[in-house]
Amino acid sequence: MSRKSSLKRLLSGLVALMMCATAFPMTAFAENEILTKASEAYENPVISYVKQTTYSEYFNEYSDKSRPRDEVTFEYVSASNGAEVEVGSYEGKDDVVIWSNEDGTVDFSVNVEKAGAYNVEVCYYPITGGNTTSEMSMLIDGTSPFDTATRISFPRTWKSAYAITPNERDNETRPPQIETPMWITTPLIDSDGLFNEPLYFYFDEGEHKVTLTSEKASVAIAYIKLYQYEPAPAYTAPTDDELRQNAGAEPIRLQGENYAYTNSQTIFPTYDRGTYLTEDHTGNQSHPVKERYNTVGDGTWDTSGQKVTWEMDVPADGYYKIGIKGRQDVMRGLYSNRRIYIDDEVPSEPFEQVKFPYDTNWIMVSPTDSTGEDAYVYLTAGKHTITLEAIPGEIGESMRRLDDIVYTANQYYMKILMITGPNPDKYTDYYVHKEIPELLDVCAELSQALKDEQATIEALSQQTGSEAAALARLADVFDRCIEKPNKIPTYISNSSMKDNITSVSSWMREYRDQPLEIDYIELMPKYDASGKETKFTGVKENFFKALSFGFKGFFGSFFEDYTVLSDSTADSIVVWCGLGRDQTTVVKQLTESEFTPETGVDVSINLVQGTIMEAVLAGKGPDVAMFVGGEFPVNLAIRDLLVPLNDMEGFDDVASRFQDTALVHYQYDGKTYGIPIQRTFPMMFYRKDTLSELGIENPPETWDDLLDMLPALQRKYMQPGLILPGNVNGTAVAPSTEVGHTFAMLMLQSGLNYYTPDQTATNFDTVQAVDAFDMWTRFYTTYKFDQTYDAFTRFRTGEAPIVIQNYCSFYNQLNVAAPEIKGAWDFCPVPGTRREDGTVSHAANSAGSGFIVLKDCKNVEGAWKYIDWFTSTDTMVEYGQNVEGVMGPLGRFESANVEALQKLNWSKSDLKKINAQLAELDEIPIIPSSYVVTRSIMNAFRAVVNDNDNARETLRWYNKDINAEITRKRKNLGLDD
C-alpha cells in the first residue's frame, strides 16, 4: 500500500471518528451511575449449597406438635443493613413500623410462653413502589426454618383504573390495573400453593428473635402475631321460617369483570365471544363480533392464593344462597377450587372449598352442604364484600409428594448418568445397581409412590385414563429397572427415563394450577315473593339462539379488522407495533389515557406481525414503527427511508436514559436512526447443588476457569452449554451478532470489535481475533460441546450445570416451570477474559428493539414527542408492570431504560447481578454488509468443527471474502469511490 493511500485511509478514519464525536456528545452517553456502582460492587459469588428443608418436610415433622391458642404479638427491636424504619402513625393507625425503602433487615422479638406450632398473622399496608408484590425472607433466631420462609409474599391490591368503555371502533377497552393500597390482614401462606392452611412455625418456650429481610418490599406493619388458625365452623342449615324471612328480596347479580379489587395484578377483565349467554359489564348480552369484556380470570386466575373481591349492596336481612357461573376448561378430568369469604370471613364449612369440575361449557356452581342442598349465608341489609380465593384443594397434597418424587428421580438419574454417560456402550456391563447399592430400593419406592399418587388422582377425578398416565409411564420405567437392572443404561441411552421424568414435571405444572373464568355471581333468597323456590339463571343454550349468534359472529368477522386497535384521522401519527395483541393493547391504553390528553397529539396504534420492510419499500408503511430490532433499522437507514433522530430537540436527554452502547444497533454513518425500548443480554446460570457436590467453590469467573472445571464436569458426563446460532430455514444462519454469541463475547472481551473504526474492514486478521476464533471452535472440537441442546431440560436435570442464556426469559422459565429446583440454582455475569492489567472483562453483546421514524412521517415533531414520552422512566415502568400483569412472570419486560429496569419486579439481589452484566455490555455495529459477516463466520465455524480445517487459515480465507464484500457494498451504496 502506498504512503498516500495509507494517509488517505488514516484521514478517513479520523473524519469518521470526529463525526461520531460530533453526533454523539459524551454528555449524552455518560456511563449511568447505577451501572458504575454495580460494576464496582459486584464480586464473584461463593457457591454454598445445602438443600434446605422443604415446608412439606417441616410440616410433617411438626404437624403433630401442640398448637397453643395463645396470641403473642411481636415487638419491634431494630433495623439494620440500610433499612429505613421509623415507628409512628400511618394511614389511620398508630405505633406502626414504617419500612419506607426496599432494603435491609428488621428485627422483632417474641416471647413464647407455651412451646408449639403457631400460625403467623400480619397486618400491613403496602407502600407504593416499583414491584408488583412485596417479598421478604423470615429468619427465626437467625435460621430459616424451611424453604418457603425465604420467599414470603405480602400481596398488594389492584383495581381497574377506570370503567370498561368502548373505543371509537365500538370495541371495549380493557382498563389497566393500578395499585389501590389498603390495610391488609392476612396469615402467612405457602407461596408454592401446595397447602390449604396457613404456614405453621414451631417455637420453643422463651424469647425469640424474628428477622425480616427485604427482597422487594416496602411496607408499613401494624402488627405481627402468633395465633392459631381455625377452620370455618360447621354448617347448620337454617329453618324454613328463617329462609322465608327475606322471601321476595331482589336477587343480587355481580358481573365478574366488575370486581372491586384483587390481590394480583395478573387478574383483569377478559372476554368470551363463544356464546350468547355471557353478559357484559352492564348486564347485556355479549356482542357476536365486537369485543366485550364480560368475564374475569380467563388464563390469569390460576394460582393458589390469588383473590378477587366484589362489593355488593344487600337489599334485606336474611339468608342467601350463592351461585357462580363459571367455566374450568383447562384441567381435563379434575376440578378447580375456590374458597369463599363474606366480609373477609369464611361463613361455614361448605364455603371452605367450592369445586368447579372440568367442562367446556359454562356451568352454575353453588356451595352445598353434606346432603347436596344449597348452603346459605346470613347477610344484613347494606354493604358487604364477597371474595373468592384460589386454593389447591386435595390436589395440593399429591403435588407436594410428587415434587419430592421428581426431585429424587432427577437425583438418581444424574447418579446413573455419571456412571454410564449419556451414550452408554451397549456391550459394556456397568452394574449401576451395584455402584449405587440403594438404587433398586429407591426405584421400588418411587414406583410405588407414583402408583399411589396415580390412584389418588384418579379417585379425585373419578375416572381412569390420560389424566395421570405420565405417572404410570414413569412408574413402569422404574419397574423395568428393578426387573432387569442390567438394562438400566439402555433407559439412559434411549432417554426413556429422562423423558418420562420431564413428562411428569410438565403434567405437574399444568395440574397444580387452579384455573377459573367467571361470568357472574348471583345471590338470592330461597323463596320469591309468591313463595316459590328460586332458581339460579339457566346456563343451557337454546339451539336456535346459539346458531343465530354463531352465524352473526362468522359473518361479522369478514368486516372486522382486529389488527387495527384505533381509528386514524388525517392528523394521526400511525404507529405500527410488532408485538402480540396483549402488549399492543397495553401500548394503546397508555397512549390514549396519558400521552394524547397531555400533548394533544393523536396516535393510531396498529398491531402488525412480521417484517415492515416490504410495506415501507412499497410506500405503504407507517409514520412510526416500534419494537423493531435486528438489522432492520440500519437496512432502512442506508436506503434513506428513516429520519435521523440525533438532531431532534432533547435527543441528549433521551439518550442518557440508556446504557452508553444501547444505541449502537440504531446508528449508521454518524447518525442515530432509532431509540431502544427493550434490551436483552446473556448471563451465566449455574446449578449450585451440582457444582457444590463436585467440590467447585465458585462459578467460573473467566473462560480459563471454565476450562479448568471441565475435567470435573466431564468425568461425570456433564458439560456446559453455550449459545450457538442455529440454521434458519435450512440455509440461512442466524446473525453472528446474536445475543450471547460466544465468538462475539470473546472478541469484545479482548478489546476488539468486529470492525475497524471506520467500518470499512474487519479486525479478523488480528492476533486477538484469531485467538478468539480458535478458542470458540476448540469448545466444540477439543472439548466436544454440543452444538444443539435443550438448555432448559439439561439445566433442570443437571446434565448442563452451567449454561449461558437470555437473562430474563430463562430466569422466569426456571421460576415458573422448574419449581423442584428452586434454591438450587443462581446466575451471574458471563465468563470473562483476564486482560494484561489484571482486570477481567465480562463484555457481551445484546439484542433489542426500539422506535424508528419513517421518512414519510407527516408529523416528525409529534412522533419525537411520542418516543420521548414512551421511553421515559415512568412510562417504561408502567408499561412493564402492565405487561407483566397481563401475561404473568413470563411476560416480564426487558427494559432498555436503565432506571426503569431498577423499578421493575426484580429483587435487590437479582438486580445487583443484572446490573453487573449490564455495565459491561458492548455492541457490534450493524453495517450494510452484515449479512456476509454472518454467513462467513458461521461457514468458517462449520469448516473447522465439522471438517477439521485449520482455524487460523480458515478464518483468514473467509475474512478475504468478507472484506471484499464490504468494499463492494460500500461502493454500491456510494459510500466510497
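Computed from a predicted model, the values in this text were never measured in an experiment.

It is worth spelling out the packing of helix α5 (residues 395-420) against helix α10 (residues 496-511) at this point. α10 packs onto α5 with a crossing angle of 155° between their chain directions and a minimal axis gap of 10 Å. Taken as axis vectors, α5 and α10 run roughly antiparallel relative to one another. The chirality of how α5 crosses α10 is left-handed. Residues Ile395, Met399, Leu402, Asp403, Val406, Ala409, Asn410, Tyr413 and Ile416 of α5 form the contact with α10, whose own contacting residues are Met497, Lys498, Ile501, Val504, Ser505, Trp507, Met508 and Tyr511. Classifying every residue of the contact of α5 with α10 gives 13 nonpolar, two polar and two charged.

Bringing the pattern of salt bridges into the picture now. Counted by the stated rule, this structure contains 39 salt bridges. A salt bridge links Glu71 to Lys225; the nearest nitrogen and oxygen atoms lie 3.1 Å apart. You can see Glu71 sitting in the loop between α3 (55-62) and β1 (72-73) and its partner Lys225 sitting in strand β16 (residues 219-227), a full 154 residues away along the chain. What makes Glu71 exposed here is its relative accessible area of 54%. Salt bridges sharing common partners tie together Asp272, Arg327, Asp329 and Glu517.

The next point concerns α5. Here α5 is 26 residues long and its end C-alpha atoms lie 36 Å apart, about the 38 Å a rise of 1.5 Å per residue gives. Burial within α5 is extensive, with 19 of its 26 residues counted as buried. Just beyond α5, the residue with positive phi is Gly421, at close to 80°.

Let's shift gears to the side chain of Asp910. Within the fold, Asp910 resides in helix α25 (residues 908-918). Residues within four places of Asp910 in sequence aside, it is in contact with Tyr811 and Phe827.

In the predicted model, the protein carries a mean pLDDT of 87, and 92% of its residues have values of at least 70. Low pLDDT, under 50, characterises residues 1-31; the stretch is placed with 31 contacts to residues that sit more than four places away or in other chains. Within the model, pLDDT remains below 50 along residues 728-733, and this stretch shows eight contacts once partners closer than five positions in the same chain are excluded.

Before going further, it helps to examine the environment of Pro350. Along the chain, Pro350 falls in the loop between β23 (335-342) and β24 (354-357). Separated by 20 residues in the primary sequence, Pro350 and Ser370 place their C-alpha atoms 8.1 Å from one another. Ignoring any residue separated from it by four or fewer positions in sequence, one finds Pro350 in contact with Tyr235, Pro367, Thr368, Asp369 and Ala375.

Calculation criteria
- Residues numbered from 1 in each chain as written.
- Predicted model: local features only at pLDDT ≥ 70, side-chain atom pairs only at ≥ 80, totals over all residues.
- Heavy atoms only, no water.
- Axes fitted to C-alpha atoms, helices over the stretch in contact; angles between N-to-C directions.
- Helix = DSSP H or I, 4+ residues; strand = E, 2+ residues; numbered from the N terminus.
- Parallel < 35°, antiparallel > 145°, perpendicular 65-115°, else oblique.
- Left-handed = near helix turned anticlockwise from the far one by under 90°.
- Contact = heavy atoms within 4.5 Å.
- Nonpolar A, V, L, I, M, F, W, Y, C, P; charged D, E, K, R; others polar.
- Salt bridge = Lys/Arg side-chain N within 4 Å of Asp/Glu carboxyl O.
- Buried < 20%, exposed > 50% of the residue type's maximum accessible area, 1.4 Å probe, protein only.
- Expected span 1.5 Å × (residues − 1).
- pLDDT = per-residue confidence, 0-100.

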